[in-house]
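# Examination of the molecular architecture
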Amino acid sequence: MSIIHLHQRTTLTPEQYIAGLTDFGPGRSKLFGNSADDYLKVHHRGRWQADVTEGSGGVWERLHYDWSDPGRVVLTTVDSNVWGGRSGHTYAFARRANGVTDIDVVVVREGKNLKGRILGFVLGTIGRHVLERAFEQSVKAIETRNAAAPNTSPAARSPLSPTAA
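Quantities reported herein were computed from a predicted structural model and do not represent experimental measurements. (Residues numbered from 1 in each chain as written. Predicted model: local features only at pLDDT ≥ 70, side-chain atom pairs only at ≥ 80, totals over all residues. Heavy atoms only, no water.)

To continue, consider the overall build of the chain. Looking only at helices and strands, the chain has five helices and seven strands in total. Secondary structure elements of the chain occur, N-terminal to C-terminal, as β-α-α-β-β-β-β-β-β-α-α-α. Relative to a compact globule of 165 residues, whose C-alpha radius of gyration would be 15 Å, the chain shows 15 Å and is just as compact. Oriented by its inertia axes, the alpha-carbon framework of the chain measures out at about 50 × 35 × 25 Å. A total of 165 residues make up the chain; the buried ones form 42% of that total. Residue pairs in contact within the chain that sit at least 24 positions apart in sequence constitute 50% of those at least 6 positions apart. (Helix = DSSP H or I, 4+ residues; strand = E, 2+ residues; numbered from the N terminus. Rg over C-alpha atoms; globule rule 2.2 N^0.38 Å. Buried < 20%, exposed > 50% of the residue type's maximum accessible area, 1.4 Å probe, protein only. Contact = heavy atoms within 4.5 Å.)

Below, the structure written as structure tokens:
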């Protein structure tokens, strides 16, 4: 089992990053490169939770998303062709007084078969940089998306908004 800790500092608010993280519409792969649009299937989406299958490159997982805590989003692997056990992702957000947000992510990868165990080992060692780059690119993509929509308030784009369904 591999446990990988990632960190990014951003000008995004937690609500803005969560809005990107929980945007399961077309073009998700532009925000998250490891979520190819042809793998994406939303089984259920509620106000604070979603059940989504996503993946890329022959690896897929069905994830339960829970963003009911505004300072934390938990993605639990429900099913996968390679991941099992305690696999998933936990995002924690800390707003700073200077207007930036620290995002800390813990990625747990527990292989459920030989392919998963090998991938988990690779990700936990030399492959960690792949996850770091992907996380950095997702933050930049969401920053760019938010900068391109200045007339829309963060609350209007946020799944945490009282008007979100």
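Following the structure, the description resumes.
Right, let's get into the nonpolar core. What tends to happen in soluble globular proteins is that the nonpolar side chains get buried as a cluster. The biggest cluster of nonpolar side chains holds 31 residues, and the ones touching the most others in it are Tyr-17, Leu-21, Tyr-65, Val-73, Tyr-91, Ile-103 and Phe-135. Elements represented by at least two residues in this core include exactly β1 (2–10), α1 (14–21), β3 (49–56), β4 (59–69), β5 (72–80), β6 (88–95), β7 (101–109) and α4 (128–147). Ranked by residues supplied to this core, first place goes to α4 with five residues. Not counting the four nearest positions on each side in its chain, Tyr-17 is found in contact with Leu-12, Phe-32, Tyr-91, Phe-93, Ile-103, Phe-135, Ser-138, Val-139 and Ile-142. (Core = buried A, V, L, I, M, F, W, Y, C linked by side-chain atoms within 4.5 Å.)

Taken in spatial order, the seven strands line up as β1-β7-β6-β5-β4-β3-β2 in an open sheet, and their pairing is antiparallel. Edge positions in the sheet fall to β1 and β2 (41–45), since each of these pairs with one other strand and no more. Neighbouring strand axes in the sheet, compared pairwise and without regard to direction, differ in orientation by 20 degrees on average. In this structure, β4 lies alongside β5, joined through seven bridges in antiparallel fashion. (Pairing = 2+ DSSP bridges. Axes fitted to C-alpha atoms, helices over the stretch in contact; angles between N-to-C directions.)

Attention now goes to the packing of α1 against α4. Interaxial distance between α1 and α4 falls to 10 Å at its minimum, and their mutual angle equals 105 degrees. Relative to α4, the element α1 lies roughly perpendicular. Between α1 and α4, the contacting residues are Gln-16, Tyr-17, Ala-19, Gly-20 and Leu-21 on the first element and Phe-135, Ser-138, Val-139, Ile-142, Arg-145 and Asn-146 on the second. By residue class, the composition of the contact of α1 with α4 is six nonpolar, four polar and one charged. (Parallel < 35°, antiparallel > 145°, perpendicular 65-115°, else oblique. Nonpolar A, V, L, I, M, F, W, Y, C, P; charged D, E, K, R; others polar.)

The analysis is restricted to geometry; functional conclusions fall outside its scope.
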